[in-house]
Amino acid sequence: MLARRLIERKRDGGRIEPGEWRALASAYATGHVPDYQMSALLMACFLRGMDRIETAALTEAMLMSGDRLDLSGIAKPRVDKHSTGGVGDKVSLVLAPLIASLGVAVPMMSGRSLGHTGGTLDKLESIPGFRTKLTLAEATEQIQRIGCALIGQSPEIAPADRRMYSLRDATATVESIPLIASSIMSKKLAEDLSGLVLDLKRGSGAFLPELDRVLELAEVMIKLGKDHGCPCVALVTAMDRPLGRACGNALEVEEAIAALKGEGPPDLMSVTYALGAEMLVLAGAAPDLDHARREMEKSIGTGRAAECFQKIIEAQGGNPGVVDDPAVLPQAAECEIFTARRRGFIARVEPKAVGRAIVEMGGGRSRVEDVVDPAVGFVITARPGDWVEEGEPLATVFAHDRAGVGIGRQALRAAIFIADEAEPPLPLVSHRVTISGVELYETD
Ligand code: URA
């Protein structure tokens, strides 16, 4: 009865009060509100919008629907990074050990791939033996001992969001700024953080492509963080082309390990350093962004960052030998080099076409229950702006069988545009958003 009244009110443009959101989230998490009523309410929220008070109340209600990490026994500052996701985005795999190697605790809770975007958990699970399902007690102990745990959203964390997010996926109600902000922040705030850095993607491969919507999302999330004593900084980064060269689970782990050893592609390193510097400054571990960057370069140069990744892998049951020998990772049965069909400039490399092909080749998910093939994907060496000659290698397709190679080849034909003129890509990092407002990001 409660749910029906609230749906009706929201449908007619009214507001749901904080106590009502709390009752609703708790009833939904415990199965006392059916999915059909929650779907109707979510659609009403999507169409009517939600003001700041409602967004804060829904965040709080989803957070309170479950447990939280309690890291009060850890003397270090605790900082995480959240990305709105993309293709080739393996930044978390590099950042978590890198920042933990510099004395900051990183309780990183990540997601799985869904649709065209990849997921950190699937990438990690391509490491033989790696366990992402830790209990909250195990995660806490590991963070205390080695400064980092890389885990999935356990059933105890924000269970109302867990159910609502899958419902939103099925009812076309994901792309609502208040719903996205409350969903992400309810999980991040459960990590007991002292700071959070947001990597908000824009461009054709992002789930919110337009800059104005991304900036609005940043502002709402930063405000929610502030209300909960968790300072946040957001960087707007480019997802109009894949990040780095590798796209696909095991291939991305290999590239992330190379990055931790100082051999990462320049675009991946720029985004990693930009986000990492914000994390270190938020944590109070560096006085400014330049200093933070130098510390990260040092940790990579001395091998500390890679060593830290090895410790995390070992602690979570994975084969730590992967850091020295990437051949430990699952290998694709078939591979084929993809070459340029004409000379010209690489005008675009469309991330969505690449991400969708990985799903079709078995390396991603179109339904939550799909099992992924960790070995498949692409290594794309062609970057927008490059000049290429006909017949020049642009990428390699890694597939399970010849049919997969065919899917990959077809996708690259659609994804990589060669033209007589280069099109300027989006700046890798374009804006920095804090509680004080939006500024253009300064690059060196
Ligand atoms: N990721 C989430 O966790 N929730 C959303 O609503 C969108 C992306």
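Residues numbered from 1 in each chain as written. Predicted model: local features only at pLDDT ≥ 70, side-chain atom pairs only at ≥ 80, totals over all residues. Heavy atoms only, no water.

A.B. asks: Pulling in residues and values, what's your account of the packing of aromatic side chains?
C.D. replies: Counted according to the given criterion, the structure contains one aromatic pair. With centroids separated by 5.1 Å and ring planes inclined at 80 degrees, the aromatic side chains of Phe 345 and Trp 387 adopt a geometry described as edge-to-face. A residue pair is termed long-range when its members are at least 10 positions apart, and Phe 345 in strand β8 (residues 344-349) and Trp 387 in strand β10 (residues 387-388) qualify at 42 residues. Take Phe 345: its relative accessible area is 24%, and that puts it in the partly exposed class. Over the aromatic face of Tyr 28 sits the side chain of Arg 163, whose NZ or CZ is 4.1 Å from the ring centroid. Sitting over the face of the ring of Phe 417, Arg 348 holds its NZ or CZ atom 4.0 Å from the ring centroid. (Phe/Tyr/Trp six-rings, centres within 6.5 Å; stacked < 30°, edge-to-face > 60°. Helix = DSSP H or I, 4+ residues; strand = E, 2+ residues; numbered from the N terminus. Buried < 20%, exposed > 50% of the residue type's maximum accessible area, 1.4 Å probe, protein only. Lys NZ or Arg CZ within 6 Å of the ring centre and 35° of its normal.)

A.B. asks: Kindly report on the domain arrangement of the chain, identifying the contributing residues and their values.
C.D. replies: By the assigned domains, the chain splits into domain 1 (2-49), domain 2 (79-326 + 427-440) and domain 3 (331-419). Here domain 2 and domain 3 have C-alpha centroids that lie 24 Å from each other. The interface of domain 2 with domain 3 comprises 24 residues on the first partner and 27 residues on the second. When the two sides are added together, the surface that domain 2 and domain 3 hide from each other amounts to roughly 1900 Å², 58% of it contributed by carbon and sulfur. Among the residues of domain 2 in contact with domain 3, His 116, Arg 245 and Leu 251 are the three that bury the most area, contributing 26% of the side total. (Domains from an automatic or database assignment. Contact = heavy atoms within 4.5 Å. Buried area = accessible area lost by both parts, 1.4 Å probe.)

A.B. asks: Run through the site of the ligand, naming residues and quoting values.
C.D. replies: Every residue lining the ligand is accounted for by Tyr 165, Arg 168, Ile 180, Ser 183, Ile 184 and Lys 187. Note that a nitrogen atom of the ligand is positioned 3.5 Å from one of the side-chain N or O atoms of Tyr 165. Within the side chain of Arg 168, one N or O atom sits 2.8 Å away from an oxygen atom of the ligand. Coverage of the ligand by the protein amounts to 89% of the 230 Å² it exposes when considered alone. Looking at the shell around the ligand element by element, the count peaks at four residues for helix α9 (residues 177-189). In the shell around the ligand, the residues fall into three nonpolar, one polar and two charged. (Near = heavy atom within 4 Å. Polar contact = N/O pair within 3.5 Å; in protein donor to acceptor, adjacent residues only side chain to side chain. Areas by Shrake-Rupley, 256 points an atom, 1.4 Å probe, with all protein chains shown as cover. Nonpolar A, V, L, I, M, F, W, Y, C, P; charged D, E, K, R; others polar.)

A.B. asks: Can you break down the side chain of Arg 432 residue by residue, with the values?
C.D. replies: Mapped onto the secondary structure, Arg 432 falls in strand β13 (residues 429-434). Reaching out from Arg 432, the side chain makes a polar contact with the side chain of Glu 278 at a distance of 2.7 Å. The contact partners of Arg 432, leaving out residues within four places of it in the chain, are Val 233, Ala 234, Leu 235, Glu 278, Leu 289, Gly 437, Val 438, Glu 439 and Tyr 441.

A.B. asks: Outline the pairing of strand β5 (residues 232-238), supporting the account with residue identities and numerical values.
C.D. replies: For β5, a buried count of seven out of seven residues is recorded, marking the element as mostly surrounded by other parts of the structure. Across seven bridges, the pairing between strand β4 (residues 195-202) and β5 is parallel. For Val 197, the partnering residue across the bridge sits in β5 and is Val 233. As paired elements, β5 and β13 share four bridges and run antiparallel to each other. Residue Leu 235 lies in a different strand from β13, and its bridge partner there is Arg 432. (Pairing = 2+ DSSP bridges.)

A.B. asks: Please set out the environment of Glu 390 residue by residue, giving values where relevant.
C.D. replies: Tracing the sequence through the fold places Glu 390 in the loop between β10 and β11 (393-399). The class of Glu 390 is exposed, set by a relative accessible area of 60%. Sequence separation of Glu 390 and Ala 105 is 285 residues, and the distance between their C-alpha atoms is 49 Å. The residues contacting Glu 390, other than those within four sequence positions of it, are Ala 340, Arg 341, Arg 342 and Arg 343.

A.B. asks: Describe in detail the pattern of salt bridges, supporting the description with residues and values.
C.D. replies: Taken as a whole, this structure holds 34 salt bridges when the rule is applied. With a shortest N-O distance of 2.9 Å, Lys 123 and Glu 252 are connected by a salt bridge. Taken as a pair, Lys 123 in helix α6 (residues 120-124) and Glu 252 in helix α11 (residues 249-260) lie far apart in primary sequence, 129 residues in all. Lys 123 sits in the buried class, given a relative accessible area of 2%. According to the relative accessible area criterion, Glu 252 is buried, its value standing at 3%. When salt bridges with common partners are traced through the structure, they connect Arg 112, Asp 122, Glu 125 and Arg 365 into a single cluster. (Salt bridge = Lys/Arg side-chain N within 4 Å of Asp/Glu carboxyl O.)

A.B. asks: Go over the packing of helix α7 (residues 136-146) against helix α14 (residues 304-315), please, and point to the residues and values.
C.D. replies: Packing of α7 against α14 leaves a shortest axis separation of 11 Å and a crossing angle of 150 degrees. Looking at the two axes, α7 sits roughly antiparallel to α14. In this structure, α7 crosses over α14, and the sense of that crossing is right-handed. Side by side, α7 and α14 meet where Gln 142, Arg 145 and Ile 146 of the first sit next to Lys 311, Ile 312 and Ala 315 of the second. Along the lines of polarity and charge, the residues of the contact of α7 with α14 split into three nonpolar, one polar and two charged. (Axes fitted to C-alpha atoms, helices over the stretch in contact; angles between N-to-C directions. Parallel < 35°, antiparallel > 145°, perpendicular 65-115°, else oblique. Left-handed = near helix turned anticlockwise from the far one by under 90°.)

A.B. asks: An account of the sheet that holds β10 is requested, with residue identities and associated values reported.
C.D. replies: With antiparallel pairing, three strands are arranged side by side in an open sheet as β10-β8-β12. At either end of the open sheet lies a strand with only one pairing partner, and these are β10 and β12 (416-419). Against the sheet, helix α16 (residues 402-415) contacts β8 and β12, and its axis sits at roughly 45 degrees relative to β12.

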